[in-house]
Amino acid sequence: MKGYDFPGPALELGALVKDDGTADPSSPIRIPLAMMNRHGLVAGATGTGKTKTLQLMAEQLSAQGVPVFLADVKGDLSGMASPGVPSDRTAQRAAEVGQSWAGRACPVEFFSLGGMGEGIPLRATMTAFGPTLLSKVLGLNETQESSLGLVFYFADKHGMPLLDLKDLVAVITYLTETPEVLKGIGGLSSATAGVILRAVVNFQAQGADAFFGEPEFDARDLLRQGPDGRGVVSILELPAVQDRPRLFSTFLMWLLADLFEALPEVGDPDKPKLVFFFDEAHLLFSDASKAFLESITQTVRLIRSKGVGVFLVTQTPKDVPADVLAQLGARVQHALRAFTPQDAKALKATVSTFPESPYDLQRLLTELGIGEAVVTVLSETGAPTPVAWTRLCAPQSLMAPSDPAVVGGVVAASPLLAKYGTAIDRESAYEMLSARLAAPASTDTYGAPPREPEPRRHEEKSVLEGVLGSSAFKSLTRSAASALGREITRSIFGTARRRR
Ligand SMILES: Nc1ncnc2c1ncn2[C@@H]1O[C@H](COP(=O)(O)OP(=O)(O)O)[C@@H](O)[C@H]1O
Ligand SMILES: [Mg+2]
């Protein structure tokens, strides 16, 4: 088909489907590799082929040396570690679209959130995660969100490392029980602090300690190639936390924000540094605050020039705010349903997001077969390509979960296991505040369980005194910072990078 014959390297999506419903292998539908940092959307109703499309794109990116990150919500992407099994159906599809198909595994790395499930444990420190994302996880309203921001501001300002949830609990408890300090932080009421505290403690009771703390994941570890030059496919296995969508969606956002902070500007490279697939993306936007939505929009807009492509996978484009949608260059729209009036509305809205075309999209979108999609991408010059009814190629890795033994073997052999495998608990705000309590001179009423303080260097002790001595609290503008007390600066998302 005219408009898809790019001279440079490209991903082969499939073949154009003709009006009679047969595919034309002489009309390949493709995405230029150089445009993969211009983002995209894979949409469609359940069971229409979104995950297989994602798998197909990921394995071709890997083959062309581009690392990929993907969130595996249902556990069906672990198959990328195993070669696909030949079948009549696959052979038929391959013949229809002109694909030379052979089963082939990808170089894969498995991650899990906080070690829940099979994979290298992925954790963030509280300080790095920041108040915006944590508010989203906790379901705080906007007043509470800005109050939590003040708690972080207080800790940041005084160089108190918030490594894990118990650090945050310690700081909030301290603030609620020390009215003269709380008063110094304009805008944080003790009632709101109490509400936030209960939310954090509840969250802890649900086992959330596993997700926060050290060693903290460095998102740059996603940018790896195997010895053969293929890009590593990093799969975050989420089935164990499938019922906690707010948790995993904000973690994905943190990874993206961390990448943004860590990577240098590269403009528009020949091929992306990483492509990030955000499955179940609607979970990110549902009940998000205005500030959160603005942060997403800004991150997606800016991360392109760092060479990172973001592909959102969701049911309809309506799930994605217009400002974000406008930045998604590639569209792979699988079939939609039109059962209910809401379906019909979503269908109309979807059609309106496509460029003009000779198709009756309203009808075509409800009639697409499984593993078919309506596609438009950006050409190498950045112009939208003609809308094309496409039958997609079949993935060459396994279209089912890998054998658990395969997954276990990949994890055991990972070079990242030594770095992230074991949780550590360093001295942080909790210990600082506990030590304060344990000190004989202390007269405050802070009631967290005291703990044997770890030996501290002299300058840290003086910081501690600077932070906690009541005179230092009289004015927040007076800096108590010294060696340990360097102020932390926060990014678009309220996240921060720790000095690693
Ligand atoms: N590109 C494809 N090649 C071969 N089979 C496909 C393809 N896309 C979808 N299928 C078939 O359709 C089923 C559902 O696809 P899937 O990607 O899991 O749907 P979704 O993620 O939209 O719910 C797959 O298990 C597979 O059998
Ligand atoms: Mg799916």
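Residues numbered from 1 in each chain as written. Chains lettered and ligands numbered in written order. Predicted model: local features only at pLDDT ≥ 70, side-chain atom pairs only at ≥ 80, totals over all residues. Heavy atoms only, no water.

Undergrad: Break down helix α3 (residues 126–138) for me, citing the residues and quoting the values.
TA: In this model α3 runs just 13 Å from its N-terminal to its C-terminal C-alpha over 13 residues, more than 12% under the 18 Å that 1.5 Å per residue would give. At threonine 132, α3 shows its maximal bend, which comes to roughly 65 degrees. The element α3 is extensively covered by neighbouring structure, given that 13 of its 13 residues are classed as buried. Trailing α3 by a residue or two, glycine 139 shows a phi angle of about 70 degrees, which is positive. (Helix = DSSP H or I, 4+ residues; strand = E, 2+ residues; numbered from the N terminus. Expected span 1.5 Å × (residues − 1). Bend = angle between axes of the 7 residues up to and from the residue. Buried < 20%, exposed > 50% of the residue type's maximum accessible area, 1.4 Å probe, protein only.)

Undergrad: Any details on the environment of methionine 35? Residues and values, ideally.
TA: Among the structural elements, methionine 35 can be located in the loop between β2 (23–32) and β3 (40–43). The exposure class assigned to methionine 35 is buried, which follows from its relative accessible area of 11%. A C-alpha to C-alpha distance of 8.1 Å links methionine 35 and proline 272, two positions 237 residues apart in sequence. When sequence neighbours within four positions are dropped, the list of residues in contact with methionine 35 reads Leu378, Ser379, Glu380 and Gly382. (Contact = heavy atoms within 4.5 Å.)

Undergrad: Can you explain the site of ligand 1? Please cite residues and give values.
TA: Lining the immediate surroundings of ligand 1 are 16 residues, of which Gly47, Lys50, Thr51, Lys52 and Cys393 lie closest. Interatomic distance of 2.7 Å between a backbone N/O atom of glycine 47 and an oxygen atom of ligand 1. Of all the cavities here, the one that holds ligand 1 is the largest pocket. The element that contributes the greatest number of residues to the shell around ligand 1 is helix α1 (residues 50–63), accounting for 3 residues. Split into classes, the residues belonging to the shell around ligand 1 amount to 7 nonpolar, 6 polar and 3 charged. (Near = heavy atom within 4 Å. Polar contact = N/O pair within 3.5 Å; in protein donor to acceptor, adjacent residues only side chain to side chain. 1 Å grid on protein atoms, 1.4 Å probe; cavity = no way out; pocket = protein on both sides within 12 Å on 5 of 7 lines; lining within 4 Å. Sits in = over half its atoms within 2 Å of the grid points. Nonpolar A, V, L, I, M, F, W, Y, C, P; charged D, E, K, R; others polar.)

Undergrad: Give me the pattern of salt bridges: which residues, what numbers.
TA: With the rule as written, the count across this model stands at 12 salt bridges. As a salt-bridge pair, glutamate 12 and arginine 30 come within 3.1 Å of each other at their nearest N and O atoms. One end of the pair, glutamate 12, is in strand β1 (residues 10–17); the other, arginine 30, is in strand β2, and 18 residues separate them in sequence. Residue arginine 30 is classed as buried on the basis of its relative accessible area of 12%. Salt bridges sharing common partners tie together Glu96, Glu372 and Arg391. (Salt bridge = Lys/Arg side-chain N within 4 Å of Asp/Glu carboxyl O.)

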